[in-house]
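Notes for the structure review
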Number of protein chains: 2
Amino acid sequence: VKPSSLSHLIALDWGTSVLRAYLLGEDGVVLEERSRPWGIMHLPEGGFVGALDAISGDWLSDAPGLSIIACGMVGSTQGWREAPYVPCPAGRDALEAGLLTVEVTPGRRLHIVPGVRRDGDPPDVMRGEETQVVGALTHSTHLAARARLIMPGTHSKWVRVEDGHIVDFQTYMTGELFALLKDHSILGRPARNAASSTDAESEIAFKRGVSAVRERSSTGAFELLFSARSLVLMTQLKAEHSLDYLSGLLVGEELRCALAIGSSGLASSTGEPMALIGDPALCTRYLLAMSVFGLNAVPTIQDTARRGLWQLARQAGHCADD
Amino acid sequence: VKPSSLSHLIALDWGTSVLRAYLLGEDGVVLEERSRPWGIMHLPEGGFVGALDAISGDWLSDAPGLSIIACGMVGSTQGWREAPYVPCPAGRDALEAGLLTVEVTPGRRLHIVPGVRRDGDPPDVMRGEETQVVGALTHSTHLAARARLIMPGTHSKWVRVEDGHIVDFQTYMTGELFALLKDHSILGRPARNAASSTDAESEIAFKRGVSAVRERSSTGAFELLFSARSLVLMTQLKAEHSLDYLSGLLVGEELRCALAIGSSGLASSTGEPMALIGDPALCTRYLLAMSVFGLNAVPTIQDTARRGLWQLARQAGHCADD
C-alpha cells in the first residue's frame, strides 16, 4: 500500500517562528511529520507558496486532490491571508464557518482556521490556540462541559471553556518577558557568565521565585523583579540560579493574576477542572509552580494543534474519503 | 578673580551611562558643569583615571589641592573601587563615615559615597540615590522629619525618610522594562513605524494605561501588557499611541504597588509628605500618573545629586577653606 492512498489530509501548524506539517491518514493518524524554521516572519525564498511547496510538495504530487488546513499566524494580517477573528463564545461550528479558503493554484485549496477574539475593555485575541482547544477537547472530552485550559508559552493563554465553547480567555506575556529580561536586562547579566547548576538547584530557585510572588498576593512580581539582582549582590542567591528565580517570579505572577478570583483565591477550590496544554518541558515547570499555589494533579495534553486541525477539517468535509 | 581661587570642590555624579562633573564654589554654588557619556560601562581610553583627567584636569591644574567627591555606580563592584553598602536606617553621618577614599595620584584623593542596603526578604540596594536623598533633604528641610521620596528612572526608587534617615526603600524596574518592551518586544513593533502623535493625544493614551491598572487593584499591569497589542489589533487604540499607553501601564503598576498600603490604599490619606526627585520631563509624567491615583500637588526637587555631594563633602571637611 502506498502512503498516498492512505493520506487524508495535510495539516499545518504555522506560527511566527516555526512551520510544522503533518500528513494524516484515516482517523487522523500521523503518516509523516515535518518541521521547518519557516514561521511567517522567516519565510524561505518563494514566500508562503514556496514554503508550502518545499514542505509538502512530494505529498501533494502523490495525492494531488489532498486538502490542506492551517492554523496560527498564517491567518493574521501579516500572514498569507487574514482569516478574521470569530467572537467569543466560539465553538467548533463557528470556527468551521470561519474557515478562510485560499486558492493556492487552480484546484489546490488551503483552508485557514480563524482566530478568536474576546471583546471587553481591554479586548483579547488568540490565533492558533483556538485549534489547540478543539484538539484538547477532542482528546479529553470530559473537559468540554466546563474547564480552564492553560497554554504556557511566549504569550500564555488561560482559556475558559463551557459547553464546548471558548467563553473567555486571557493572555499573559510571560515567555516573551522572560526572554527579554534574560537577553537584554541587567538581570540576565550575572547568569550569562555563571556556572551551570543542577536540575535540583534550578528547581529550588524556581520555586523560591514562585513562592515570593504568592506571598505578595496584592502586589506581585513587579516589585520583586529587582530582587533577582539584589539577592545576588547580597550573596543570598547564586548568579547561576538567578534566571531560574526570575522565571519563577514571572510564572508565579501569571498564576497569581489568573487565580485571583476575588478573595477566595484558588481556582481549584471552585472545583473547575484544569488542564495544561503544550510543550512537555514547559508543562513540567508550570506543574511545579502550580504545586506552590496548592494546585496538584493537573493533567497535561499534547499534540493538540494536530488533533484540532484534523477535527476541524473533518467537520468541514475536507478530509479525503469523507 | 580667577575661578581657581573660588573653587571649593569637584563633585562627580558617576553612573552607569553618564559622568557629570561640577566645579563648586562657596556654599556649593556651581562655577562650571560638564557632562560626558562616560558611565562606568562606557569609559574612554585610560579608564577611570583617564575619564577623571579628561573631565576635570584643567580644574585640578588651577587648584591642585581640590578634593573630589563622587557618588553612583563608580562605587560598585564594577566601578573604580567598591564602597560597601551602609545598612538602613542610614543618615548623613553613616554616609560620611562610609566614604571610601581612593588615592588617584600622590596627594590627590577621590572620596566615593557608599550605597545603602535594606535588609529583608528580599533585600534591596541603592547607589547614587542616597546622595540625592541628602540633597533633597538639604533643599527641602521640612521633609526630613517624615516623607516619601520618589525617584523615577531606569530603576525607580521609593524611599521612606524618618528623622533625616533612609529607613526603607523599594526598587521598581519601570524604566528598564519600558525600554525593553519598546525596543525588543512585539508591543514596540506597531509604534516603531507609526506616525507621531500630539502631546495631548499622547497624554490621553498614557492616562488610559494608568487608569486601566488602577482599576485592576488586585492584579495589575501584568495581565494588561498584551492589551497594548490587542487594542491596536481591534482598532481601539492607534498604533502611534501604543507606547504611551504601555508607559502608562508600567508607571501605573509602580504606583499601584508602591501605594498598596493594606486596603486603605493611598499614601496621601496617611498624610505623609511626598516629593518627586529627578528629570523634569519624567517628573511631569509621574505627576500625571499620580493625579490618576488621586495624588495631587506633589512637589518636585531638582539637582539633588550635586546638592547631596556638596553636603556630604562639607560635613566630612573635604571642601576647601572649611
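Before reading on, note that the structure itself is shown above.
Definitions and limits used
Throughout, residues of each chain are indexed from 1 in the direction in which the sequence is written. Lettering for chains starts from A, numbering for ligands starts from 1, and both go in the order in which the items are written. Local features in a predicted model are, by the rule used here, given only for residues with pLDDT of at least 70; side-chain atom pairs are given and counted only at 80 or more, and totals for whole chains, interfaces and linings are based on all residues. As a convention, hydrogens and water are excluded, and side-chain values are obtained from all of the structure's heavy atoms. Elements are defined by DSSP. Helices are runs of H or I of four residues or more, strands are runs of E of two residues or more, and each kind is numbered from the N terminus. Multiply 1.5 Å by the residue count of a helix minus one, and that product is the helix's expected span. It only takes one pair of heavy atoms within 4.5 Å for two residues to be counted as in contact. By the convention used here, strands pair only if DSSP detects at least 2 bridges between them. A fitted line through C-alpha atoms serves as each axis, taken over the contacting stretch for helices, and the angle formed by two N-to-C directions is quoted from 0 to 180°. Buried area is a sum: the accessible area each of two parts loses on coming together, probed at 1.4 Å, counted once for each and added. By salt bridge we mean one thing: a side-chain nitrogen of Lys or Arg within 4 Å of a carboxyl oxygen of Asp or Glu. Polar contacts here mean pairs of N or O atoms no more than 3.5 Å apart (in protein, one a potential hydrogen donor and the other a potential acceptor; neighbouring residues in sequence count only if both atoms are side-chain atoms). For this analysis, a nonpolar core means a set of buried residues of the types Ala, Val, Leu, Ile, Met, Phe, Trp, Tyr and Cys, connected via side-chain atoms within 4.5 Å. Any residue under 20% of the maximum accessible area for its type is buried, any over 50% is exposed, and the rest in between are partly exposed; the area is computed with a 1.4 Å probe on protein chains only.

**Observations regarding helix α7 (residues 199-215) of chain A**
- Its 17 residues give α7 of chain A an end-to-end C-alpha distance of 24 Å, which sits within 8% of 24 Å, the value for a rise of 1.5 Å per residue.
- Looking at the buried side of α7 of chain A, the elements it contacts are α9 (242-258) and α10 (280-292) of chain A.

**A look at the sheet that holds strand β10 (residues 146-151) of chain A**
Residues and elements named next belong to chain A.
- Taken in spatial order, the 5 strands of this open sheet run β12-β11-β10-β13-β14, and their pairing is mixed. Of all strands in the sheet, those with a lone pairing partner are β12 (165-172) and β14 (300-301), marking the two edges.
- Here β10 pairs with strand β11 (residues 156-162) via 6 bridges, running antiparallel. Looking across to β11, one finds that R148 is bridged to R160.
- Relative to β11, α9 is tilted by about 30°, and along the sheet it contacts β10, β11 and β12.

**Remarks on the sheet that holds strand β9 (residues 124-126) of chain B**
All names here are of chain B.
- Read from one edge to the other, the open sheet built from 3 strands follows the order β5-β8-β9, with strand pairing classed as mixed. Unpaired on one side and paired on the other, β5 (86-87) and β9 mark the two borders of the sheet.
- Where strand β8 (residues 116-118) lies against β9, 3 bridges are found, and the strand directions are antiparallel. When the sheet's bridge partners are listed, R118 is paired in β9 with D124.

**Some words on the interface of chain A and chain B**
- Taken together, the contacts link 49 residues of chain A with 49 residues of chain B.
- Summing both sides of the interface, chain A and chain B together bury roughly 4,100 Å²; the carbon and sulfur share of this comes to 70%.
- Three residues stand out in chain A for area buried against chain B, namely M173, F222 and F226 of chain A, and they jointly supply 19% of the buried area on that side.
- Viewed at the interface, chain B and chain A are joined by 0 salt bridges.
- At the junction of chain A with chain B, the criterion picks out 12 residue pairs in polar contact (both at pLDDT 80 or more).
- Counting only elements with at least two residues in the side of chain A that touches chain B, the list comes to β9 (124-126), β12, α5 (174-184), α8 (227-233) and α9 of chain A.
- Examining the composition of the side of chain A that touches chain B, we find that 6 residues originate from one element, α5 of chain A, more than from any other.

**Examining the environment of L12 of chain A**
All names here are of chain A.
- You can see L12 is positioned in strand β1 (residues 9-14).
- Distance in space between the C-alpha atoms of L12 and Q236 is 47 Å, their sequence separation being 224 residues.
- In this structure, L12 is in contact with L19, R20, A21, L52, I68, I69, A70, C71, L110 and L309, ignoring residues within four places of it in sequence.

**Considerations on the nonpolar core**
- Judged by nonpolar contacts, the single largest core of 94 residues is most densely connected at L249 of chain A together with L249 of chain B.
- Setting aside its immediate chain neighbours within four residues, L249 of chain A contacts G209, V210, A212, V213, A221, L224, L225 and S227 of chain A.
- Formed by 35 residues, the second largest nonpolar core is a distinct cluster that contains Y22, C88, V133 and L143 of chain B.

**Structural notes on the pattern of salt bridges**
Residue and element names in this part refer to chain B.
- A full pass over the atoms with the stated rule returns 22 salt bridges over all chains.
- R34 is paired through a salt bridge with D58; the nearest N and O atoms lie 2.7 Å apart. Taken together, the residues R34 in strand β3 (residues 30-36) and D58 in helix α2 (residues 47-62) connect sequence positions 24 residues apart.
- Owing to a relative accessible area of 13%, R34 belongs among the buried residues under this scheme.

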